[in-house]
Every structure is written in structure tokens, then in C-alpha cells.
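Per-entry structural report
One-letter residues, chain by chain:
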Amino acid sequence: MSVYNASSLAYTKALKDLINRDKKPAQKTGGLLQRNMPKKVVEEKKNPEPYDSVLDALDQVRKQRKALLNG
Amino acid sequence: MANQEGMFMAPIPGMGLTAELGSTPWQHPPQYTTVDETLEFYAPRVLNPDTKDDLLNVMEMGIPLTTIAQALQIGGVMQGKHTIDVGVLVTPVIIEMLAYVGDEAGIEYNTGLEGGKDKDAISESEIGLALQKIPEVMERTEEKMVEEEPMEEPMEMEPEEAEPMGLMARRQ
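Residues numbered from 1 in each chain as written. Chains lettered and ligands numbered in written order. Predicted model: local features only at pLDDT ≥ 70, side-chain atom pairs only at ≥ 80, totals over all residues. Heavy atoms only, no water.

1. Thoughts on the overall build of chain B
- Counting secondary structure elements, chain B contains 6 helices and 0 strands.
- Start at the N end of chain B and walk to the C end: the helices and strands fall as α-α-α-α-α-α.
- Split by element, the accessible area of chain B, about 13,600 Å² in all, is 58% carbon and sulfur. (Helix = DSSP H or I, 4+ residues; strand = E, 2+ residues; numbered from the N terminus. Areas by Shrake-Rupley, 256 points an atom, 1.4 Å probe, with all protein chains shown as cover.)

2. Some details on the interface of chain A and chain B
- Listed by partner, the interface residues are 21 residues for chain A and 21 residues for chain B.
- For the pair chain A and chain B, the summed buried surface comes to about 1,900 Å²; carbon and sulfur atoms form 75% of the total.
- Of the charged contacts, one joins glutamate 96 of chain B and arginine 62 of chain A as a salt bridge, the two residues approaching to 3.6 Å between their closest N and O atoms.
- Listing elements by their share of the side of chain A that touches chain B, those giving two or more residues are helix H1 (3-22) and helix H2 (50-70) of chain A.
- Top element by residues in the side of chain A that touches chain B is H2 of chain A. It accounts for 12 residues. (Contact = heavy atoms within 4.5 Å. Buried area = accessible area lost by both parts, 1.4 Å probe. Salt bridge = Lys/Arg side-chain N within 4 Å of Asp/Glu carboxyl O.)

3. Looking at the packing of aromatic side chains
All names here are of chain B.
- Under the counting rule described, the total for this entry stands at 2 aromatic pairs over all chains.
- Ring centres of tyrosine 32 and phenylalanine 41 lie 5.3 Å apart, and the angle between their planes is 35°; this geometry places the pair in the tilted category.
- Taking the centre distance of 4.9 Å and the plane angle of 65° together, the rings of phenylalanine 41 and tyrosine 42 count as edge-to-face.
- The class of phenylalanine 41 is buried, set by a relative accessible area of 7%. (Phe/Tyr/Trp six-rings, centres within 6.5 Å; stacked < 30°, edge-to-face > 60°. Buried < 20%, exposed > 50% of the residue type's maximum accessible area, 1.4 Å probe, protein only.)

4. So, the packing of H2 of chain A against helix H5 (residues 84-105) of chain B
- Closest axis-to-axis distance for the H2 of chain A/H5 of chain B pair is 9 Å, and the angle between their directions is 10°. Accordingly, the angle class assigned to the pair H2 of chain A and H5 of chain B is roughly parallel. For the pair formed by H2 of chain A and H5 of chain B, the contact residues are Pro50, Tyr51, Val54, Ala57, Leu58, Val61, Arg62, Gln64, Arg65, Leu68 and Leu69 of chain A on the first element and Leu89, Pro92, Val93, Glu96, Met97, Ala99, Tyr100, Asp103 and Glu104 of chain B on the second.
- Taken together, the residues that form the contact of H2 of chain A with H5 of chain B break down as 14 nonpolar, 1 polar and 5 charged. (Axes fitted to C-alpha atoms, helices over the stretch in contact; angles between N-to-C directions. Parallel < 35°, antiparallel > 145°, perpendicular 65-115°, else oblique. Nonpolar A, V, L, I, M, F, W, Y, C, P; charged D, E, K, R; others polar.)

5. A closer look at a negative patch on the surface
- On the surface, a cluster of negative charge is made up of Glu139, Glu142, Glu143, Glu147 and Glu148 of chain B.
- Looking at the element boundaries, glutamate 148 of chain B is found in the segment after helix H6 (124-147). (Patch = residues over 30% accessible without salt bridge, like charges linked within 9 Å, V, L, I, M, F, W, Y side chains within 5 Å. Lys, Arg positive; Asp, Glu negative; His and termini not counted. Charge placed at Lys NZ, Arg CZ, Asp CG, Glu CD.)

6. Considerations on the packing of helix H2 (residues 35-46) of chain B against H5 of chain B
All names here are of chain B.
- At a minimum axis separation of 10 Å, H2 and H5 run at an interaxial angle of 30°. Judged by the inter-axis angle, H2 sits roughly parallel to H5. By crossing handedness, the relation of H2 to H5 is classed as right-handed. Across the interface between the two elements, Val35, Thr38, Leu39, Tyr42, Ala43 and Val46 from H2 touch Val86, Leu89, Val90, Val93, Ile94, Met97, Leu98 and Val101 from H5.
- Here the contact of H2 with H5 is built from residues that sort into 13 nonpolar, 1 polar and no charged. (Left-handed = near helix turned anticlockwise from the far one by under 90°.)

This is the structure:
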């Protein structure tokens with residue numbers, strides 16, 4: 001595998017993860033056996049993983065780029 | 001033959017251990033250890049207006065953004081700025097920043113995810129580079145023309161008749 005392929009793969013993976021991150025999980029339809037579980041309080045991570053920082057930065061730059069292209 | 005020469009030019013096994021440990025920047029602890037710090041290092045360099053023209057020329061020549069980003073981050077590793085794993089992590093952001101620079105300038109670029117560029121197409125930067133080289137080539141050609149003196153025409157010699165050398169040849 002070429003060295004230069006690694007950056008292509010990293011870029012593709014980051015874009016895919018960024019798109020999937022924003023997607024909400026599909027809600028299950030209510031059935032007879034459905035249980036209403038109390039929602040867990042999602043604690044904000046104090047120390048995000050390095051990859052999360054990368055996705056945040058990528059998202060910021062992408063938004064700037066979109067704004068530029070849309071005028 | 002060329003491949004054989006290349007084979008002998010390769011480092012011998014264990015050659016990497018002959019240099020003193022710590023003699024190269026990447027054998028020291030990196031200057032930037034986190035992704036955020038590394039991005040703060042790259043962002044002003046990519047968006048710097050002084051270097052932007054060179055960057056745009058390279059992008060216009062059809063060099064993929066992935067290749068440019070890879071070269072940038074490998075350079076950072078070699079300078080001891082960050083480790084290679086942090087470099088791989090920040091590569092997508094560098095590619096996106098390069099794309100932003102390209103869009104801002106309004107040029108067509110290759111991200112590296114598309115197929116290869118049209119080989120027959122010649123970009124404007126390639127034409128510009130060729131035009132820059134024309135005066136140099138013209139000077140060299142003129143110098144060569146001056147150095148080369150006109151050749152003297154050789155004198156026409158009448159072919160001498162070869163004397164018969166055999167046993168049966170008549171002696172005059």
C-alpha cells in the first residue's frame with residue numbers, strides 16, 4: 001500500500017465518521033413489550049479522545065468551507 | 001540495469017542503528033503532543049498568505065491534496081514537531097484546510113479521492129512555468145550556436161588506384 005494512500009484513507013474515514021456522528025439513532029417503534037427506561041444522563045466528556053478533537057476541527061473547517069462556497 | 005543500481009543504493013541492514021541515538025529530531029520528545037496543539041501549528045502555515053501562492057501552484061498542477069497533506073505532516077514529524085500518530089490524526093483536517101484555500105482562490109484541485117486527472121489537460125500553472133523557462137532555454141541555445149564554429153568543408157581527394165598485389169599482377 002502506498003504511503004500516500006494512508007492520508008486518503010484517513011480523510012475518507014474522518015468524513016464518514018463525521019457524517020455518522022451527527023446522525024441520531026433510529027427510534028424503535030412502540031411494541032407491546034416496550035419498556036420505558038429512564039433516560040441516562042449523558043455526561044459531557046471532560047477529556048475527549050484525540051479523534052473527537054479531529055472530528056470537531058474537521059467539522060469547523062467544513063462549515064467554513066460550505067459558507068464560503070454558498071457565498 | 002537501473003534497477004540493479006537502485007538495489008545497491010539501498011541502505012544495508014542495520015544501517016539505521018549506526019547513527020547515534022538522539023541525533024535526529026524525531027528521536028526526541030515531540031514539541032506538540034496533542035492534536036489541538038498540532039493543528040494550531042499547521043493552521044497558520046497553510047493559511048499564510050506568503051506561502052499560499054506556492055501552495056496554489058502545486059494544487060493547480062494536479063498534485064492531490066492528500067499527497068500535499070501527507071508531505072506536510074511527514075515534514076512535521078521529521079522536524080520533531082509531533083509524533084507520526086498525531087500527524088496521521090491531523091491529516092484529514094489539513095486536507096480540509098487545503099481544500100478551503102483552493103476554494104477561496106477559486107481553482108480546480110484534485111483531492112486525491114477522485115480518479116487521476118486528465119493527462120492531456122495542461123493547467124495554467126504548467127503553461128506559466130513553461131513560459132518562465134523559455135528565456136533561459138533561448139539563452140542556452142544562443143550560447144551553443146556561438147560556441148559551435150562552422151565546419152570546414154573537407155577537400156575532395158581523388159581516390160588513388162590501388163596497385164594490384166597478387167602473384168599474377170603485372171609489374172610496371
